[in-house]
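Take a look at the letters that make up each chain.
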Amino acid sequence: MRKFNLTIRHVILALASFLMFFPFLWMILSALKTKDEIFQVPFKLFPASPKWQTFNEAFHSAPFATYIWNSTYTSIAIVLIQTVTSALFAYALTQMQWKGKHTLFSIVMGTYMLPAAATYVPSYIILSKLNLIDSHIGLIISSAASVYGVFLFRQAFKQISKEVIQAALIDGASHFKILFRIMFPLTKPTFVTFMLISFVQNYNSYLWPSLILQSQDKMLITNGLRQFFIEGGAYGVKWPEVMAASTFTILPLLILFFAIQKVFVSGISDNGIK
């Protein structure tokens, strides 16, 4: 009976995995087809003759290398800043005693329920007054804080034994040393989990970057891909090229996930506490 239940679980997990992977598989196979094959009836999953040159043609049809680089380095910068600011705030909330910290935390968490679009107008006005419109610095600064990061690190830091922190303070360790030498190693999976989630979120960000970035050489991959999609004034004319472009634009995310998947899963399963 136990083997039967285990088999059922594996079958369900395999089906769920296939359903999650199928859109990506369909996208790759569509890039290898002709436009007529994509809309062929009855539908055929595999192309009659794979067109591998479509990837090369799509990559050189627009400055995708620039788009990918812009998205990658801005996302890395945002992730690093968000990680530091969130960890410092969470440390102050969990390891320091000061009046009003619970009230401040409630206010910060309350802003999490505020739709992101509601902050675009005031953020745009502030950036315009700072002359940071159409600049990657403006994009990075406007995304320097993460409410989710504060909540995640706070929950992880609360699980660390108070005796460990008190012993470090008695030994003369500063708060920065405690944070980076003690709390970071103990909650490393949580840090990695947040950094991965934040990177994916910022790499895939579309609406806010499209509002403040107008120059083509500063566009992110999401905006560049849309620009390629509507090129020539007609939507979806080059469907194989669009599918090819969509495929290689998400490769950095796939590579990143497979590189740190063990730590990521560990961070989810144990909330970053060993």
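Calculation criteria
Sequence order as written defines the numbering, with residues in each chain counted from 1. Two thresholds apply to this predicted model, a pLDDT of at least 70 for residue-level local features and 80 or more for giving and counting side-chain atom pairs, whereas whole-chain, interface and lining totals are computed over all residues. Water and hydrogen atoms play no part in the side-chain values, which are based on all heavy atoms of the structure. UniProt positions are given in the numbering used here, feature names are shortened, and annotations may be inferred rather than shown by experiment. Between 30 and 60 degrees the pair is tilted, below 30 it is stacked and above 60 it is edge-to-face, where a pair is any two Phe, Tyr or Trp rings, Trp via its six-membered ring, whose centres lie within 6.5 Å. In DSSP terms, a helix is any run of H or I states spanning at least four residues, a strand is any run of E spanning at least two, and both are numbered starting from the N terminus. In this scheme, a residue with accessible area under 20% of its type's maximum is buried, one over 50% is exposed, and one in between is partly exposed, where area comes from a 1.4 Å probe on protein chains only. By definition, being over a ring means that NZ of Lys or CZ of Arg is both within 6 Å of the ring centre and within 35 degrees of the ring normal. One confidence number per residue, pLDDT, is output by the predictor and ranges from 0 to 100. By nonpolar core is meant a set of buried Ala, Val, Leu, Ile, Met, Phe, Trp, Tyr and Cys residues that side-chain atoms within 4.5 Å join together.

As annotated in an unreviewed UniProt entry, the protein chain is ABC transporter permease from Macrococcus epidermidis. Taken from UniProt, the Subcellular location (unreviewed entry) comment for the protein chain reads in full: "Cell membrane". Its UniProt record, at the heading Sequence similarities (unreviewed entry), says of the protein chain: "Belongs to the binding-protein-dependent transport system permease family."

Asks: Can you walk me through the packing of aromatic side chains in this structure?
Replies: Aromatic rings in a pair are described by how distant their centres are and how their planes are angled relative to each other. Taken as a whole and assessed by the stated rule, the structure comprises 18 aromatic pairs. Where Phe153 meets Phe194, the ring centres are 5.3 Å apart and the plane angle is 65°; that geometry is what we call edge-to-face. Within this pair, whereas Phe153 is found in helix 8 (residues 147–157), its partner Phe194 is found in helix 11 (residues 188–203), the two being separated by 41 residues in sequence. Each member of the pair Phe153 and Phe194 is classed as buried. One aromatic cluster in this structure is built from Tyr148, Phe153, Phe157, Phe184, Phe191 and Phe194. Positioned above the aromatic ring of Phe105, the side-chain terminus of Arg154 is 4.0 Å from the ring centre.

Asks: In this structure, what is going on with the confidence of the model for the protein chain? I would like to understand it.
Replies: With 93% of its residues at a pLDDT of 70 or more, the protein chain shows a mean pLDDT of 86. The secondary structure element of the protein chain with the lowest average pLDDT is helix 15 (residues 251–270), at 71, and the one with the highest is helix 7 (residues 136–141), at 94.

Asks: Mind showing me how you'd approach the environment of Arg226 here?
Replies: Mapped onto the elements of the fold, Arg226 is located in helix 13 (residues 221–229). A relative accessible area of 37% means that Arg226 is categorised as partly exposed. Residues Arg226 and Tyr206, 20 residues apart in the sequence, show an inter-C-alpha distance of 9.6 Å.

Asks: Please explain the nonpolar core as it appears in this structure.
Replies: Generally speaking, a soluble globular protein has its nonpolar side chains buried in company with each other. With 22 residues, the main nonpolar core has Phe55, Phe64, Tyr67, Tyr203, Ile221, Phe228 and Phe248 as its most contacted residues. Elements supplying a minimum of two residues to this core: helix 1 (2–31), helix 3 (53–59), helix 4 (64–95), helix 11, helix 13 and helix 14 (239–249). The dominant element in this core, judged by the number of residues it contributes, is helix 14, at five residues. Judged by nonpolar contacts, the second largest core, of 16 residues, contains Leu152, Phe157, Ile165 and Phe194.

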